[in-house]
Amino acid sequence: MPAASLRVRDLTKRFSAVDGEVTAVDRVSFDVAGGEFFTMVGASGCGKTTTLRMIAGLEPPTSGTITMGERDFVATPAQQRNIGMVFQSYALFPHLTIFENVAYGLRLRGVPRAELERRVSATLALLKLEPYMQRHPAGLSGGQQQRVSIARALVYEPELLLLDEPLANLDAKLRVQMREELRALQRRLGITAIYVTHDQEEATAVSDRIAVFDRGRLIQQGAPETIYAAPATLYVADFIGRANFLPATLATPGAPQAGVLLAGGLRLSPRRQLALAGEEAGRLARADDAIVMLRPEHLSLAAAAGDVACRVLRVELLGGLVRYRVEAAISPQPILVETTRPLPGMAEGAPAWLSLPADDAIVYHR
Ligand SMILES: Nc1ncnc2c1ncn2[C@@H]1O[C@H](COP(=O)(O)OP(=O)(O)OP(=O)(O)O)[C@@H](O)[C@H]1O
Ligand SMILES: [Mg+2]
């Protein structure tokens, strides 16, 4: 049976707190296709957990609809939604063995013994936890404990797997390993997954599609590479990947595509037109304050010639990447330049020239 798709429309959640009303989730709409790995990202407090909890049935929406296949989820009690949920805190029972932790929910549901043993064993095998099934949680590493919590969610054979920052408690290396494992498992089972993280690198590494939230609103959704290449707003550009933001003014007022002037007077003239982000064109036509966004890998450094003189402040070797921080009159902040190989002569303190490709720039309203 192909996995059903989830449809969320105009989902809104308002909480009344002592200090007034909070709109935690504001008219959010998205679809998650069967078998898709969909990730919600955004800064702390932007409404990711609240959205997930409404899908799980742990929180009733203030308004809006959630449909799974043909089913109206809002009208379906949580325990009938057939969802597996994994949280940041593993919340394992310390006094139960790993086997019993995974079996717990099935026992509550009165699943017959033979079937229970079959399902728990199969799930433990899937997560490579068989060697530990007689241990208690305290005898497992953080990564193993998180695998148990994933096993516990999967043992129900859910149609939908919801994961709220499941890797947040693990160290950096284990997080990378676990996210790959999780992704492989999700593919193998063909299960629909909705994942929450505020780690943009994690989101772009594992997801089919991501949705970027900002203060309760879903700002942009799409494939990670699409969002990286064309962020709809400055917030998205800043949140997904690294970016340089250069203050600018329009070279010709009212004609933002024609070119911009950077601080110090450098004119950025594209071969065709400057790319303007989403809804920025209208606003830019009325005001001439702009911000130019350029990704670090689009910029280049050379010893002898370029668009603007600069000075190398720092050189960082990051595995397969070299990141230069340079200062130049076009930006009050250091500018990031990334290359795949170290550039000869570009040591810290060295004078250099920076080249800015206008065709890769995206212009936003300030
Ligand atoms: N039960 C509640 N009562 C009042 N306000 C709440 C409640 N739950 C959440 N909020 C508020 O709703 C907003 C969204 O919270 P939510 O937990 O969904 O954010 P989040 O994106 O998951 O953040 P984080 O990355 O920190 O986990 C926040 O401003 C939060 O304070
Ligand atoms: Mg949260």
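Right above here is the structure, for reference.
Model, not experiment: these values are computed from the prediction.

### Section: the overall build of the chain
Per the secondary structure count, the chain includes 9 helices and 21 strands. Across its three principal axes, the chain shows a C-alpha extent of roughly 75 × 45 × 45 Å. Among the 366 residues that make up the chain, the fraction classed as buried is 37%. Within the chain, contacts between residues at least 6 apart in sequence are counted, and of these 66% link residues at least 24 apart.

### Examining the nonpolar core
Of all hydrophobic cores here, the largest spans 90 residues; its most connected members are V292, V326 and L354. Mapping this core onto the domain boundaries places at least three of its residues in each of domain 1 (6–234) and domain 2 (242–365). Apart from the residues within four sequence positions on either side, L354 is in contact with L299, L301, G306, D307, V308, C310, V326, A328 and I335.

### Brief notes about the site of ligand 1
Taken together, 13 residues lie around ligand 1, and F15, A24, S44, T49 and T50 are the ones closest in. Secondary structure elements with two or more residues in the shell around ligand 1: strand 1 (6–17), strand 2 (20–32) and helix 1 (48–56). The dominant element in the shell around ligand 1, judged by the number of residues it contributes, is helix 1, at 3 residues. Split by residue class, the shell around ligand 1 holds 5 nonpolar, 7 polar and 1 charged.

### Some thoughts on the sheet that holds strand 16 (residues 300–302)
Here 5 strands make up an open sheet; going across it, the order is 16-20-17-18-19 and the pairing antiparallel. The sheet terminates laterally at strand 16 and strand 19 (335–339), the two strands that pair on one side only. Averaged over all neighbouring strand pairs, the angle between strand axes comes to 45°, with direction disregarded. Pairing of strand 17 (residues 308–318) with strand 18 (residues 321–328), which is carried by 8 bridges, proceeds in the antiparallel orientation. Bridge assignment links R314 to a residue of strand 18, and that residue is R325.

### Quick word on the pairing of strand 15 (residues 289–294)
The buried fraction of strand 15 amounts to 5 of the 6 residues, a majority that puts the element mostly inside the structure. Relative to strand 15, strand 11 (residues 244–250) is paired through 6 bridges, and the arrangement is antiparallel. Bridged to T249 within strand 15 is D289. As paired elements, strand 15 and strand 21 (residues 362–365) share 4 bridges and run antiparallel to each other.

### Quick word on helix 3 (residues 113–126)
Helix length check: helix 3, at 14 residues, gives a terminal C-alpha distance of 20 Å against a target of 20 Å (1.5 Å per residue), a fit within 8%. Considering only its buried residues, helix 3 is in contact with helix 2 (98–108) and helix 4 (142–154).

### Topic: helix 5 (residues 172–189)
Taking 1.5 Å of rise per residue, the 18 residues of helix 5 would be expected to cover 26 Å, and the 26 Å separating its terminal C-alpha atoms lies within 8% of that figure. Taken together, the buried positions of helix 5 are R175, R179, L182 and Q186. End-on, the buried residues of helix 5 take up no more than an arc of 65°, which puts them together on one face. Pointing more than 90 degrees away from the buried face of helix 5 are the exposed residues K173, Q177, E180, A184 and R188. Looking at the buried positions of helix 5, the neighbouring elements they touch are strand 3 (37–42), strand 8 (192–197) and helix 6 (200–206).

### Some details on the packing of helix 2 against helix 4
Remark: helix 2 packs on helix 4, axes separated minimally by 8 Å, with the N-to-C direction vectors making an angle of 30°. Compared by their axis directions, helix 2 and helix 4 come out roughly parallel. Of the two elements, helix 2 crosses helix 4, and the hand of that crossing is right-handed. Side by side, helix 2 and helix 4 meet where I98, N101, V102 and G105 of the first sit next to V148, A151 and R152 of the second. Its residues assigned to classes, the contact of helix 2 with helix 4 shows 4 nonpolar, 2 polar and 1 charged.

### Focus on the packing of helix 2 against helix 3
One way to put it is that helix 2 packs onto helix 3 with a least axis distance of 10 Å and a crossing angle of 135°. Comparing their axes, helix 3 and helix 2 come out oblique. Along this stretch, helix 2 crosses helix 3, giving a crossing that reads as right-handed. Residue-level inspection shows F99, V102, A103, L106 and R107 of helix 2 in contact with helix 3, the latter providing L116, R119, V120, T123 and L124. Tallied by class, the residues present in the contact of helix 2 with helix 3 amount to 7 nonpolar, 1 polar and 2 charged.

### Some words on the sheet that holds strand 4 (residues 63–68)
Strands in a sheet are paired, the pairing made by backbone hydrogen bonds, and the direction either parallel or antiparallel. Read from one edge of the open sheet, 4 strands run 2-1-4-5, paired in antiparallel fashion. The strands lining the two open edges of the sheet, one partner per strand, are strand 2 and strand 5 (71–72). Where strand 1 lies against strand 4, 5 bridges are found, and the strand directions are antiparallel. Note that in strand 4 the partner of R7 across the bridge is T67.

Rules used throughout
- Residues numbered from 1 in each chain as written.
- Chains lettered and ligands numbered in written order.
- Predicted model: local features only at pLDDT ≥ 70, side-chain atom pairs only at ≥ 80, totals over all residues.
- Helix = DSSP H or I, 4+ residues; strand = E, 2+ residues; numbered from the N terminus.
- Buried ≥ 20, exposed ≤ 12 C-beta atoms within 10 Å, placed from the backbone.
- Contact = placed C-beta atoms within 7 Å.
- Core = buried A, V, L, I, M, F, W, Y, C linked by C-beta atoms within 7 Å.
- Domains from an automatic or database assignment.
- Near = placed C-beta within 6 Å.
- Nonpolar A, V, L, I, M, F, W, Y, C, P; charged D, E, K, R; others polar.
- Pairing = 2+ DSSP bridges.
- Axes fitted to C-alpha atoms, helices over the stretch in contact; angles between N-to-C directions.
- Expected span 1.5 Å × (residues − 1).
- Arc of directions from axis to C-beta.
- Parallel < 35°, antiparallel > 145°, perpendicular 65-115°, else oblique.
- Left-handed = near helix turned anticlockwise from the far one by under 90°.

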